[in-house]
Structures are given as structure tokens and as C-alpha cells.
Amino acid sequence: MTLSNLTADYRARDAAHHIHPFSDMKSLNAEGSRVIVRGEGSWIYDSDGNRILDGMAGLWCVNIGHGRKEIADAIQRQMAEISYYNTFFKTTHPPAVALAETLARLTPTQFNHVFFVNSGSEANDTVIRMVRHYWATLGKPRKTVIVARWNAYHGSTMGGGSLGGMKPIHSQGGLPIPDIHHIAQPYWFGEGGDMTPDEFGVAAARALETAIDEIGEDRIGAFIAEPIQGAGGVIIPPATYWPEIARILKDREILLVADEVITGFGRTGNWFGSETFGIEADLMPIAKGLSSGYLPIGGVMVSDKVAEVLIGPGGEFNHGFTYSAHPVAAAAALENLRIIEDDRLVERVRDDIGPYLQERWRALGEHPLVGEARMTGLMGALELVPDKPSRKSAFPDTGKVGTIARDFSFRNGLVMRAVRDSLILSPPFTLSHEEADYLVATARKTLDDTLAEVKRLGLK
Ligand SMILES: Cc1ncc(COP(=O)(O)O)c(CNc2cccc(C(=O)O)c2)c1O
């Protein structure tokens, strides 16, 4: 079977049986999926033999790069011991014990307990139930409201999708669930108006203070936020934002939840985004980089303040999943964390490949199509605008130009994500300098191709 027949065969069978996530299946099937058959380091390969640099590390998660055999070996070893047993009913197993211990050591000091789940969404559903159980145990059952931000992403379950602030998700399935309240996001480029970033950071944070004044501290159980909003478009908050959030929450009985599903395990140049932004959270959802996506696993890191209530007067916490702390997924996560530590990949993001790529990525801001080029650690965005340096103009039919650019990028040999009319990047931590040079050169070609197409369409 020639390569193209192989692809056609895969596409036909996929179209016949597979409903993809976040996809318009009618248009996808008309075009056909790209069939990814292999991964090695920073690269993925499709069924037509094309080699593409995986600028998104899968979905923000393959931090150690594709194809690390050590993980496959760890999975095989665990499979040979016990491939599955649960942690309900007074049972545990060695990988669960070792991973919980390792996470207590690697996470910020207030976290010494973890509740295991299988995804970021399950982590955030767990957060909702944990927050409400915590306050009910303390005799304050009315503190059920959770404040979150518009354009945040906290998952796709009823709870995670409700905590997220993405209206296209809310419009399907009657979301948000009750007692979820959204406030403005710290998106200076898109919503800062004439304010400086520092002024806007304070103003956006004070939306939380306004919500507390309106709803009442006696009703609010927690505030949840990503250190940097990832799926929302790599919204890096102004430097004033998180200190103002801390001031607002100080001495208030409102738990702080830092959703580190993307920013956790080195993505921002420290082990956790909380360290990068000085956030002292009470609960911390984790997933993605926990296993580098090799197997699905997630968790909620629980601070001592919350754990002493849950483990003390809390009694039975009636929540959990069949595969919570799955032994093989836990073994994969342990080996992943060992690689990150032994290969000093967090330090590499902070001191080497991060600065190397940031400098070259920001230089793309000089391109006529780019309104802002931003990056923290190894997560970045290029805002595409019709008439820079204005931040007030935008392309018509939001997202159309972003999709055009994303498709050019893939065809040029680089995976970047499109969010609205911006291009997003989140490469593996193992990216070499040569690969970074290829990445930036391909991104520049993509911008040139997009500019030509935008002009052809009369959009600029
Ligand atoms: C901050 C955050 N919290 C929770 C989740 C949910 O995790 P699960 O998907 O494992 O349930 C996420 C996930 N983030 C995510 C997932 C899928 C696609 C994209 C994208 O940017 O296209 C982003 C996330 O980014």
C-alpha cells in the first residue's frame, strides 16, 4: 500500500467510526485527519512520511519529548507486577505510594498530600467537590460559590467546563452548573484598552474584590485561576496581577486554587507556575506534564491547611475514580519525573532553551502581521493583527486568520495551535538550539505565507 493509499485508508476508516474532540466532524471528514504514526524527540511523523516539529508538545504535555524508551520500560516493568488494582477499600500499591511521596517533595512546601485522578478535568471536578466538602466540614455549607475567569480553561466535564470561561463550551449542555461565577481575565493585549499593563493588572485583579463584595465572602468557597491561561491564548498576566490577587485574598476565608495542569512541572521555567508568580495556593490541580502525556494521570495537590480538615473531621470524602492512581500510569509518571529531575529539564527551560527561544520568538514581533510576541518559560503566543501597532483593530470573523496561519504552519513542518487570531507555542523541554532555529524560521515563513493570503483575501 503506497503512503497516500495508507493515509486514505486510515482517513476513511476514521471517518466511519471516530468522533473527534472539539471537532466539526462534517468539515473534518470532508478534509480528512492527518494521521500521526510516530514520535521521536521534538518530532512527529505522519502516514505520508512527513516530519513535523511538534511545537505544541502534543497538547502542552510531552515535556520530555516523544519516544523516551525509559518510560516504555517502566510501564512494562509495572505491567509485569500488577497492571491494575484500585486504591479504594483500604488498598494501595507501591507506585501510588512512591508517586504521592515524590509529588510531596517536588511541589511547593504547603502541599504534602495528593488526590489522584486521570485528567485535568477530573482534577477540577475534584476541586469543586473538595472545596464544598471542606467548608461544609467547617460548618459553613453555604460557601459553595467558586469564582473563575472568563476565557479560562479548566476542562471539559460538567464541572471543569463550568469553571472554564469559554462560552462555546457553556452553550452546549446547559453550563455553567450553579454557583460558578466568572470575572474578567488579565488579558492586557486584548482588553487593556489605554491602561498600561501594570494598571490593567491591578484593575483585572480587583474584579475579584468586586465579586466578593457583590456575592459575599460567606458564599464564596474558592477562587480558581491558571498562573498563565494556556488554552485561552497564553494570557501572561501583568506583573501586578498576582500580587493584587494575594492582597485581596489575604485574611479572607476564600481558598485559592492554582490550576497547574499546563504550567506545572517546568513549563514556565520553575517547577510550578506558582513559583514563577509567587502564588500560595490551597489546592493545585495537576496533569499533562505529570506524565508527559505517556499515560493519562492527574491529581489535586492538597495543602496542609485543607488536608488537616479532610483527613481529620472530614470523615469519608465520597469521591474518586476507578483508575485513581492507576499503577501503570503512576509508574510512567514516576519515570517521567525522574527524567525531568536527572536531565535537569526545568533548569534547562529556565537557563538555556527558554531564554534562547524567547529572544528569537520575541523578534517575530517585528513582522508586519504580529501585534505582540510573548513567551514565559516555554509557552508563547503571537497575536496576529491587521494594522499594528494598534491593539484596537482585529481581523473580521475572529479565528479565520488564526486558522489560516495554523494550517500554513502544519504544511510548513511545524505544529502551532491557533487561538482566535493568535498562534500558540508550547514545545518539548528537550528542544535543541538547532530545532529552535528551525522552529523560528518556520514560524517566520508561516507569517509570510499568512500575510500573502490575508492580502489576497483583502483583509489587510
Ligand atoms: C489549565 C487546564 N486545566 C484543565 C484542563 C483539562 O485537562 P484534560 O484535557 O486532561 O481533562 C486543561 C486541558 N487543556 C487542554 C486540553 C485539550 C486541548 C487544549 C488546547 O489548548 O487545545 C488544552 C488545562 O489546560
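Residues numbered from 1 in each chain as written. Predicted model: local features only at pLDDT ≥ 70, side-chain atom pairs only at ≥ 80, totals over all residues. Heavy atoms only, no water.

- Looking at an unreviewed UniProt entry, one finds the protein named Putrescine aminotransferase, with Kaistia geumhonensis as its source organism.
- Recorded under Cofactor (unreviewed entry), the UniProt text for the protein is reproduced unchanged: "pyridoxal 5'-phosphate". (UniProt positions renumbered as here; feature names shortened; annotations may be inferred.)

1. Topic: the site of the ligand
Phase 1: Inspection of the region around the ligand gives 16 residues, with W60, G120, S121, D259 and R417 positioned closest.
Phase 2: At 2.5 Å, a side-chain N or O of S121 approaches an oxygen atom of the ligand.
Phase 3: Here a nitrogen atom of the ligand and a side-chain polar atom of K288 are 3.3 Å apart.
Phase 4: Protein burial of the ligand: of its 530 Å² of free accessible surface, 84% is covered by the chains.
Phase 5: With 3 residues, helix α6 (residues 120-137) is the largest single contributor of residues to the shell around the ligand.
Phase 6: Residue composition of the shell around the ligand, grouped by class: 6 nonpolar, 6 polar and 4 charged.
Phase 7: Inspection of the shell around the ligand shows a minimum of three residues originating in each of domain 1 (34-64 + 346-456) and domain 2 (70-342). (Near = heavy atom within 4 Å. Polar contact = N/O pair within 3.5 Å; in protein donor to acceptor, adjacent residues only side chain to side chain. Areas by Shrake-Rupley, 256 points an atom, 1.4 Å probe, with all protein chains shown as cover. Helix = DSSP H or I, 4+ residues; strand = E, 2+ residues; numbered from the N terminus. Nonpolar A, V, L, I, M, F, W, Y, C, P; charged D, E, K, R; others polar. Domains from an automatic or database assignment.)

2. Describing the domain arrangement of the protein
Reports often express the size of an interface as the amount of accessible area lost when the parts come together.
Phase 1: If you check the domain split of the protein, you get domain 1 (34-64 + 346-456) and domain 2 (70-342).
Phase 2: With centres defined by C-alpha atoms, the gap from domain 1 to domain 2 works out at 27 Å.
Phase 3: Taken together, the 31 residues of domain 1 in the interface contact 35 residues of domain 2.
Phase 4: Both faces combined, the contact of domain 1 with domain 2 buries some 2800 Å², and carbon together with sulfur accounts for 58% of it.
Phase 5: In terms of surface lost to domain 2, no three residues of domain 1 exceed I64, M379 and R391, which account for 28% of the buried area on that side.
Phase 6: Taken together, the links from domain 1 to domain 2 amount to 1 salt bridge.
Phase 7: Residue D194 pairs with K392 through a salt bridge whose shortest N-O separation is 2.8 Å.
Phase 8: Among the elements of the structure, α3 (57-60), α15 (345-351), β11 (370-376), β12 (379-384) and β13 (417-419) are those that each provide at least two residues to the side of domain 1 that touches domain 2.
Phase 9: Top contributing element to the side of domain 1 that touches domain 2 by residue count: β11, with 5 residues.
Phase 10: Of the residues that constitute the side of domain 1 that touches domain 2, the class distribution is 17 nonpolar, 6 polar and 8 charged. (Contact = heavy atoms within 4.5 Å. Buried area = accessible area lost by both parts, 1.4 Å probe. Salt bridge = Lys/Arg side-chain N within 4 Å of Asp/Glu carboxyl O.)

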